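Report on the structure
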Amino acid sequence: MAVKDNIYDFIDAWKAYDGKHRHDVDWNSRFRRAGYYSAEVGRHNITHSWNQLHQWCKEHIGEKKYAWAGSTFWFESKDDAAFFILRWS
């Protein structure tokens, strides 16, 4: 399956399909099956605030070029995932 141009388009399409009240979605499986690239936050970096992680992603990856599910961050490109891993894992 080809990755959509924007990970947010992918999320919005699934949300529209699921309806408003579905909360049991396994987003990690969906991102994986769609071909997005994952990166885990390293244990030693879990002390950083989520705001720091998201701010870094917005500045270095792009606000609509990543998503997260739990402690797993998802990226449109392998290079972006590697960049995140180098910084936060």
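Here, every reference points to the structure presented above.
Scope of this entry: the structure provided in the associated data block. (Residues numbered from 1 in each chain as written. Predicted model: local features only at pLDDT ≥ 70, side-chain atom pairs only at ≥ 80, totals over all residues. Heavy atoms only, no water.)

This part covers the packing of aromatic side chains. Enumeration over the complete set of coordinates arrives at 14 aromatic pairs. Between Trp-50 and Phe-73, the ring centres sit 6.0 Å apart and the planes meet at 15°, which makes this aromatic pair stacked. With Trp-50 in helix 3 (residues 50–60) and Phe-73 in strand 3 (residues 72–75), this pair connects stretches of sequence that are 23 residues apart. Seen in terms of ring centroids, Tyr-66 and Phe-73 are 6.2 Å apart; in terms of plane orientation they differ by 15°. Their pairing is stacked. Three or more aromatic residues joined by ring pairs make a cluster, and in this case those are Trp-50, Trp-56, Tyr-66, Trp-68, Phe-73, Phe-75, Phe-83, Phe-84 and Trp-88. Above the ring of Trp-27, the side-chain terminus of Arg-30 is found at 5.1 Å from the ring centroid. One residue, Lys-64, lies across the ring of Tyr-8, its end atom 5.9 Å from the ring centre. (Phe/Tyr/Trp six-rings, centres within 6.5 Å; stacked < 30°, edge-to-face > 60°. Helix = DSSP H or I, 4+ residues; strand = E, 2+ residues; numbered from the N terminus. Lys NZ or Arg CZ within 6 Å of the ring centre and 35° of its normal.)

It is worth spelling out the layout of surface pockets at this point. There is about 160 Å³ of room inside the largest pocket. Tyr-8, Ile-11, Asp-12, Lys-15, Trp-27, Phe-31, Ala-67, Trp-68 and Ala-69 together form the lining of the largest pocket. With 4 residues, helix 1 (residues 7–18) is the largest single contributor of residues to the lining of the largest pocket. Along the lines of polarity and charge, the residues of the lining of the largest pocket split into 7 nonpolar, no polar and 2 charged. (1 Å grid on protein atoms, 1.4 Å probe; cavity = no way out; pocket = protein on both sides within 12 Å on 5 of 7 lines; lining within 4 Å. Points joined across faces, edges and corners; volume = space filled by probe spheres on them. Nonpolar A, V, L, I, M, F, W, Y, C, P; charged D, E, K, R; others polar.)

Another point: the pattern of salt bridges. Inspection of the entire model under this criterion finds 2 salt bridges. The partner of Arg-30 in a salt bridge is Asp-18, with the nearest N and O atoms 2.7 Å apart. Residue Arg-30 is located in helix 2 (residues 27–34), and its partner Asp-18 is located in helix 1; the two are separated by 12 residues in the primary sequence. (Salt bridge = Lys/Arg side-chain N within 4 Å of Asp/Glu carboxyl O.)

So, about the nonpolar core. Grouped together as the largest cluster of nonpolar side chains are 12 residues: Ala-39, Val-41, Leu-53, Trp-56, Cys-57, Ile-61, Tyr-66, Phe-73, Phe-75, Ala-81, Phe-84 and Trp-88. Counting residues in hydrophobic clusters, the runner-up holds 11 residues, among them Ile-7, Val-25, Ala-69 and Trp-74. (Core = buried A, V, L, I, M, F, W, Y, C linked by side-chain atoms within 4.5 Å. Buried < 20%, exposed > 50% of the residue type's maximum accessible area, 1.4 Å probe, protein only.)

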